[in-house]
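# Structural characterization, general
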Amino acid sequence: GGFFAPPTMGTPASQRWPQASSVPGEHVAAGSFDTALQLLKRQVGVCDASPLKQLFVSVAMGCQVVVSGTPGAPVVESSLHRNFAEHTWTPRGTSGLPGVSVTVASLGERVKTGYKSFTEGKLPEAQASFTQTLQMGLVCCVDTKQELDELRDIMGVCKEYVTATLIETTRREKFKEDPVRNVELAAYLTHCKMQPLHSLISLRSAMTSAVKLKNFNTAASFARRLLELNPKAEHKEQALKVLKVCDGNKSNAEQIEYDERNPFVVCTVTFKPVYRGSPLSRCGFCNAPFDPSCKGKVCAVCKVAEIGYSGTGLQNSRQQSGRGGRQQKEESFD
């Protein structure tokens, strides 16, 4: 008689995911942490993976499911796919893509949490939320250009808010008794790209600090910018009062390192401005700007990538081209 020949076991999904993929998040989902880190090093210069340990473990575990069967039967292990409705199985395995738990939608919700903490003045919580969200962008996987654009926008927002929290925390903790440096940092904060409400809060703080320092010209500048945001009546009244005082005292009692007419970015290591035309280095991942003297150090914003690294660019989708990186070597801010 005949005999039964069981089919040849196919390749597990977790082994298929990293094959022919340059998306670090898909390697993390498969539990292939070493290859994921190699990709992240090559693409964006990740040089300190310690903050990513828990994230990697969570993503890898989130892509696997265990289903119990009848009593006494072994459990069934299965992998989760984000394209479950259309992927196919072949003798070589599956064409499915890992269902990574880090999505654009989930990152968007984390940004809202960060906004709330920032509004309430909870800077440590806000900084932690935005930093973690930025790092999670390293393993996020998307399938459309729209999602990729949204992801890039989210990471840009996180970079700005981490920079803002670093500036404000430094101002409060290190320069509380140094009025000149305090006003400088308050001024730098007003140039971070934030939500209108948060820009208004920063302008009010900088305006008040400048008046206390008797830098009336600088205070008047902040007051005018505040009025452009169409503030509430009480804030508008405060700004108009400051303008009235400043119009009668058009002077600055102290010289500060701040020129609002010359575009600049802030180095979050030196906490000094880098003005247009000056050389600077940028983080290989988050693109945060730094003084050239910081090149080779770990980025103070994302906490994982190397400053000045020139990579091929982060890949979050298999549809991305092979090279999407920026020139991250020493350059000029223009």
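Everything quoted here is computed from the prediction, not taken from an experiment. (Residues numbered from 1 in each chain as written. Predicted model: local features only at pLDDT ≥ 70, side-chain atom pairs only at ≥ 80, totals over all residues. Heavy atoms only, no water.)

## Overview of the overall build of the protein chain
Scanning the protein chain from terminus to terminus reveals 11 helices and nine strands. Against the 2.2 N^0.38 benchmark of 20 Å for 334 residues, the protein chain shows a C-alpha radius of gyration of 25 Å, more extended than a compact globule. With respect to the principal axes defined by its C-alpha atoms, the protein chain has extents near 110 × 40 × 35 Å. Counting only residues that meet the buried cut, the protein chain has 48% of its 334 residues in that class. Within the protein chain, counting contacts between residues at least 6 apart in sequence, those at least 24 apart form 61% of the total. Total accessible area on the protein chain stands at roughly 17300 Å², and carbon and sulfur atoms take up 53% of it. Of the side chains in the protein chain, 40 bear a positive and 32 a negative charge, and the two mean positions are spaced by 1 Å. (Helix = DSSP H or I, 4+ residues; strand = E, 2+ residues; numbered from the N terminus. Rg over C-alpha atoms; globule rule 2.2 N^0.38 Å. Buried < 20%, exposed > 50% of the residue type's maximum accessible area, 1.4 Å probe, protein only. Contact = heavy atoms within 4.5 Å. Areas by Shrake-Rupley, 256 points an atom, 1.4 Å probe, with all protein chains shown as cover. Lys, Arg positive; Asp, Glu negative; His and termini not counted. Charge placed at Lys NZ, Arg CZ, Asp CG, Glu CD.)

## Structural notes on the pattern of salt bridges
Within this structure, the stated rule accounts for 15 salt bridges. When the shortest N-O distance is used, the salt bridge between Glu-26 and Arg-82 registers 3.0 Å. With a gap of 56 residues between them, Glu-26 in helix H2 (residues 24-29) and Arg-82 in the loop between strand S2 (76-79) and strand S3 (89-90) connect regions that are remote in the sequence. According to the relative accessible area criterion, Glu-26 is buried, its value standing at 0%. Linking Glu-109 and Lys-112 is a salt bridge whose minimum nitrogen-to-oxygen distance equals 3.4 Å. Of the two residues, Glu-109 and Lys-112 are both situated in helix H5 (residues 104-119); the distance of three residues between them amounts to about one turn of the helix. Each member of the salt-bridge network shares a partner with another, and the members are Glu-26, Arg-82, Asp-143 and Arg-318. (Salt bridge = Lys/Arg side-chain N within 4 Å of Asp/Glu carboxyl O.)

## Quick word on unusual backbone geometry
One non-glycine residue, Asn-287, lies in positive phi territory at about 70°. Looking at the element boundaries, Asn-287 is found in the loop between strand S7 (279-282) and strand S8 (289-290). Even without glycine at this site, Lys-303 takes up a positive phi of about 70°. Looking at the element boundaries, Lys-303 is found in the loop between S8 and strand S9 (331-332).

## Details of the confidence of the model for the protein chain
Looking at the protein chain, pLDDT values average 90 and 91% of them are 70 or higher. Confidence drops under pLDDT 50 across residues 323-329; counting only partners more than four residues distant or on other chains, this segment forms 24 contacts. (pLDDT = per-residue confidence, 0-100.)

## Describing the environment of Leu-226
By secondary structure assignment, the location of Leu-226 is in helix H10 (residues 216-227). Residues Leu-226 and Asp-34, 192 residues apart in the sequence, show an inter-C-alpha distance of 49 Å. Apart from residues no more than four positions distant in its own chain, Leu-226 is found in contact with Leu-200, Leu-203, Arg-204, Met-207, Pro-231, His-235 and Ala-239.

## A look at the packing of helix H3 (residues 33-44) against helix H4 (residues 53-62)
Their axes nearest at 12 Å, the elements H3 and H4 cross at an angle of 125°. Taken together, the axes of H3 and H4 lie oblique to each other. In this structure, H3 meets H4 at a crossing whose hand is right-handed. In this structure, H3 contributes Phe-33, Ala-36, Leu-37 and Leu-40 to the contact, and H4 contributes Phe-56, Val-57 and Ala-60. Residue composition of the contact of H3 with H4, grouped by class: seven nonpolar, no polar and no charged. (Axes fitted to C-alpha atoms, helices over the stretch in contact; angles between N-to-C directions. Parallel < 35°, antiparallel > 145°, perpendicular 65-115°, else oblique. Left-handed = near helix turned anticlockwise from the far one by under 90°. Nonpolar A, V, L, I, M, F, W, Y, C, P; charged D, E, K, R; others polar.)

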